[in-house]
Amino acid sequence: SEGKSYKCNARQLVELSDDVTLSFEDVKLQPFQVKDGHFDPVEECAADKQTTPKPVHSTQPMTTVVTVPPPGPVRAPTQLNFTLRDDDDKICFMALMGLQIEVNYTTHDKKKATTRWNVPKNVNVTGECSNTTTTLTLSFDGELTVLTMTFKNQSGKGGAVNKFMVSHIDFRYTTDKSHFPDALPEELGHTILIKVDGVRTFKGELGSSYLCNKGENITLNKNVTLRATKAHVQPFGVKNGKFNEAEVCEADNDVTTLRPIIVGAVIGGIDVLMLVYYGIGRNTRRHKNTRDR
């Protein structure tokens, strides 16, 4: 308002794009009519007014707690393009997928909560390829979040097993205010490292790619889940920078298998209705002929 300054202690989020959000808190400003370098009377934001405690008639000292609103809903992750190149500058790894991290935690008022955030478009992609192992490392959030997936070539002697899969995942994140705004104060600022062996996901035949539009939910521990959506991956045998023929995941195959069953059920239902209608028509004509006689 004119002749006033503005103050807002509560956290406010301004979404600039799908992957960039600007966060403000503990703000006090006056853009116009500043006199003698002093703030005019303060007008508080609505969020601060909502958290102002009511007067308490007590001999005990009153403590003011300013609650931070939880972050808004997170959009579905954007499908991103990840590639790695070998020493000859040829593409040796290809992946298209959207990735989302989901973490369960405890808020400052002892409630269970879940935070989610997506791997952004400006992620830093590194890694290396070999005939037996390919590693993909994604770093984002100013290096506070790092995800490494290790793909293993499972081919045995004599070609008995010709599979590839993610066999190991390393995940590191930091409990910062941007992702955990209402966490317990003592829980903030910690770096959590998770190592998972024997993952066995993104599994496909060597010489092919892996395709799963429905996605994969990969449980890293009881509190952390990695969600991959619209995934198309080829960690070995990439030729000319193109995916080989895809091996479709079971989740997508279930949908493909159900489709003809559903269509058949609908057609069968129509046939039953036609028979019922035909039977009713014949009975009606028979009763009419009897009355005419």
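Keep in mind that this is a model prediction, so the values were computed, not measured.

Quick word on the nonpolar core
1) Next: In terms of nonpolar packing, the biggest core is built from 43 residues, with Phe82, Met97, Leu99, Met149, Ile169, Phe202 and Leu220 touching the most fellow members.
2) Next: Setting aside anything within four residues of it in sequence, one finds methionine 97 in contact with Thr78, Gln79, Leu80, Phe82, Leu136, Met149, Phe202, Thr229, Lys230, Ala231 and Val233.

Description of the confidence of the model for the chain
1) Next: Averaged over all residues, the pLDDT of the chain equals 79, while 68% of them reach at least 70.
2) Next: Of the regions scoring below 50 in pLDDT, residues 15-21 engages in twelve contacts with residues more than four places distant in sequence or in other chains.
3) Next: Segment residues 51-68: pLDDT under 50, and eleven contacts once partners within four positions in sequence are set aside and those in other chains are kept.

A short note on the side chain of serine 208
1) Next: For serine 208, the location among the structural elements is in the loop between β13 (191-205) and β14 (209-212).
2) Next: A distance of 2.5 Å separates a polar atom in the side chain of serine 208 from the backbone oxygen of glutamate 205.

Notes on the packing of aromatic side chains
1) Next: Per the counting criterion, the structure on display carries eight aromatic pairs.
2) Next: With a centroid separation of 5.1 Å and an interplanar angle of 80°, the aromatic rings of tyrosine 105 and phenylalanine 180 are classed as edge-to-face. Taken as a pair, tyrosine 105 in strand β7 (residues 91-106) and phenylalanine 180 in the loop between β12 (163-174) and β13 lie far apart in primary sequence, 75 residues in all.
3) Next: Here a set of aromatic residues connected by ring pairs shows up, and it is made of Tyr105, Trp117, Phe171, Tyr173 and Phe180.

Overview of unusual backbone geometry
1) Next: One non-glycine residue, arginine 200, adopts positive backbone phi at about 55°.
2) Next: Tracing the backbone through its elements, the reader meets arginine 200 in strand β13.
3) Next: A positive phi is found at asparagine 240, a non-glycine position, where the angle reads about 60°.
4) Next: Taking relative accessible area as the criterion, asparagine 240 reaches 74% and is therefore assigned exposed.

Considering the environment of glutamate 43
1) Next: Within the fold, glutamate 43 resides in strand β5 (residues 42-44).
2) Next: For the pair formed by glutamate 43 and lysine 4, sequence separation is 39 residues and the distance between their alpha carbons is 6.4 Å.

A word on the layout of surface pockets
1) Next: Taken as a whole, the second largest pocket spans an internal volume of roughly 310 Å³.
2) Next: Lining of the second largest pocket is provided by 17 residues; of these, Asn104, Tyr105, Thr106, Glu187 and Asn223 occupy positions nearest its centre.
3) Next: A per-element tally of the lining of the second largest pocket places β7 first, with four residues.
4) Next: Among the residues making up the lining of the second largest pocket, the classes are represented as nine nonpolar, five polar and three charged.

Topic: the sheet that holds strand β9 (residues 124-129)
1) Next: One open sheet holds the five strands; their spatial order is β9-β10-β11-β12-β13, and the pairing between them is antiparallel. Every other strand in the sheet has two partners, leaving β9 and β13 as the edge strands with one partner each. Taking the axes of each pair of neighbouring strands and ignoring which way they run, one obtains an average angle of 15° across the sheet.
2) Next: As judged from the six bridges shared by β9 and strand β10 (residues 133-140), these two strands associate in the antiparallel manner. Looking at the pairing, glutamate 128 lines up with threonine 135 of β10.

Concerning the pairing of β14
1) Next: Direction of pairing for β14 relative to strand β17 (residues 246-248): parallel, over a ladder of three bridges. Its bridge partner lying in β17, tyrosine 210 is registered against glutamate 247.
2) Next: In this sheet, strand β16 (residues 224-234) lies alongside β14 in antiparallel orientation, the contact comprising three bridges. Bridge assignment links leucine 211 to a residue of β16, and that residue is histidine 232.

Here's the deal with the sheet that holds strand β1 (residues 5-8)
1) Next: Taken together, three strands build an open sheet; the order of strands is β4-β1-β5 and the sheet is mixed. On the outer flanks of this sheet lie β4 (27-29) and β5, each paired with one strand and no other. Between one strand and the next, the sheet's axes are offset by a mean angle of 20°, whatever the strand orientation.

Some words on the state of the cysteines
1) Next: Evaluation of the coordinates by the stated rule reveals two disulfides.
2) Next: Linked covalently through their sulfurs, cysteine 92 and cysteine 129 form a disulfide whose S-S length is 2.0 Å. Torsion about the S-S bond of the cysteine 92 and cysteine 129 cystine: about 70°, corresponding to right-handed handedness. Residue cysteine 92 is found in strand β7, and its partner cysteine 129 is found in strand β9; the two are separated by 37 residues along the sequence.

Procedures and definitions
Residues numbered from 1 in each chain as written. Predicted model: local features only at pLDDT ≥ 70, side-chain atom pairs only at ≥ 80, totals over all residues. Heavy atoms only, no water. Core = buried A, V, L, I, M, F, W, Y, C linked by side-chain atoms within 4.5 Å. Buried < 20%, exposed > 50% of the residue type's maximum accessible area, 1.4 Å probe, protein only. Contact = heavy atoms within 4.5 Å. pLDDT = per-residue confidence, 0-100. Helix = DSSP H or I, 4+ residues; strand = E, 2+ residues; numbered from the N terminus. Polar contact = N/O pair within 3.5 Å; in protein donor to acceptor, adjacent residues only side chain to side chain. Phe/Tyr/Trp six-rings, centres within 6.5 Å; stacked < 30°, edge-to-face > 60°. 1 Å grid on protein atoms, 1.4 Å probe; cavity = no way out; pocket = protein on both sides within 12 Å on 5 of 7 lines; lining within 4 Å. Points joined across faces, edges and corners; volume = space filled by probe spheres on them. Nonpolar A, V, L, I, M, F, W, Y, C, P; charged D, E, K, R; others polar. Pairing = 2+ DSSP bridges. Axes fitted to C-alpha atoms, helices over the stretch in contact; angles between N-to-C directions. Disulfide = S-S within 2.5 Å.

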